[in-house]
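Working through the structure, step by step
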Amino acid sequence: MNTSARDLRVLVTAGAGGIGRAIATTFLEHGARVHICDIDHNALEEMKTAVPAVTRTVADVSSRAEVDRLFADVKQTLGGLDVLVNNAGIAGPTAKVEDISPEDWERCIAVDLNAMFYCTRLAMPLIKAAGGGSIICLSSAAGRLGFAQRTPYAAAKWAVVGFTKSLAIEAGPEGVRVNCIQPGNVAGERIDRVIEAKAKALGITFEAMRNRLLESVSLRTFVTAQDIANTALFLATDAGRHISGQALPVCGDLRYMV
């Protein structure tokens, strides 16, 4: 199976931490040239020290002006683009729909959906000019299941699937493959914070809440950021050259949201 990314020019949004960092470093390790953006200046500085080969831009991809600046940097540092990984996203509010402010709703949609459009519309001409390539969007298990009290997040992640499948049809004739990945519960500090908050709200222990989450997964395990990175690499390289228009769950068979 050929997962060489040699000389691919790759942009990863929100690439300085978590899943994005795992994706960026995995592509780099397989021979790609990688540019990342992130809203967190300190995380980018740490990335500069730890992984100096990755070039960087401070950018909030929910801002069209900052996305314009990001792509000016991409053109300067990479000279073009073969792969876009739309990774940036936020959790959004946790509340009943009648208690969610319009501002919180709009911010979640802006980052989790609009940002993908802003980046994709500028990436697509570059990828087409390169003779084709790959766009990978991060959806979620919440993009295929209902998620009570997380309606902004779920709505955005379901929309990512429609965006992906429509783009695959639109851009396929010009050699651009478009897929999305739907991670389940990803091990790390973020899910630990979620477990702690849920446990506190329910008046149960951290371990009891963690077990509830695990019981929703057939394999009784969380996935890792590296699992998501490996899937992105597969989709972007020759190993996945005939895969497009797909929403791929990487979740251990997560059957319901807790």
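Description of the structure in this document. (Residues numbered from 1 in each chain as written. Predicted model: local features only at pLDDT ≥ 70, side-chain atom pairs only at ≥ 80, totals over all residues. Heavy atoms only, no water.)

Turning next to empty space enclosed by the protein. The full count for this structure, using the stated rule, is one cavity of 30 Å³ or more. The space that makes up the largest cavity amounts to roughly 30 Å³. Along the walls of the largest cavity sit Thr13, Val61, Asn86, Asn87, Ala88, Val111, Ala115, Met116 and Cys119, which together make up its complete lining. Per-element accounting of the lining of the largest cavity gives the leading share, four residues, to helix H4 (residues 102-129). Residue classes in the lining of the largest cavity are distributed as six nonpolar, three polar and no charged. (1 Å grid on protein atoms, 1.4 Å probe; cavity = no way out; pocket = protein on both sides within 12 Å on 5 of 7 lines; lining within 4 Å. Points joined across faces, edges and corners; volume = space filled by probe spheres on them. Helix = DSSP H or I, 4+ residues; strand = E, 2+ residues; numbered from the N terminus. Nonpolar A, V, L, I, M, F, W, Y, C, P; charged D, E, K, R; others polar.)

Right, let's talk about helix H1 (residues 18-29) for a bit. Across its 12 residues, H1 extends 17 Å between first and last C-alpha, which sits within 8% of the 16 Å expected from 1.5 Å per residue. Every buried residue of H1 is listed here: Ile19, Gly20, Ala22, Ile23, Ala24, Thr25, Thr26 and Phe27. Summarising the contacts, the buried residues of H1 are in contact with strand S1 (9-12), strand S2 (33-38), helix H2 (41-50), strand S4 (83-86), strand S5 (133-138) and helix H8 (225-236). (Expected span 1.5 Å × (residues − 1). Buried < 20%, exposed > 50% of the residue type's maximum accessible area, 1.4 Å probe, protein only. Contact = heavy atoms within 4.5 Å.)

Moving on, we get to the side chain of Thr120. Counting through the fold element by element, Thr120 comes out in helix H4. Note on Thr120: relative accessible area 3%, which makes it buried. Engagement of the side chain of Thr120 in a polar contact is seen with the backbone oxygen of Met116, the distance being 2.6 Å. Setting aside chain neighbours within four positions, we find Thr120 in contact with Leu84, Asn86, Ile135, Phe163 and Leu167. (Polar contact = N/O pair within 3.5 Å; in protein donor to acceptor, adjacent residues only side chain to side chain.)

Any functional reading would require information that these geometric values do not contain.
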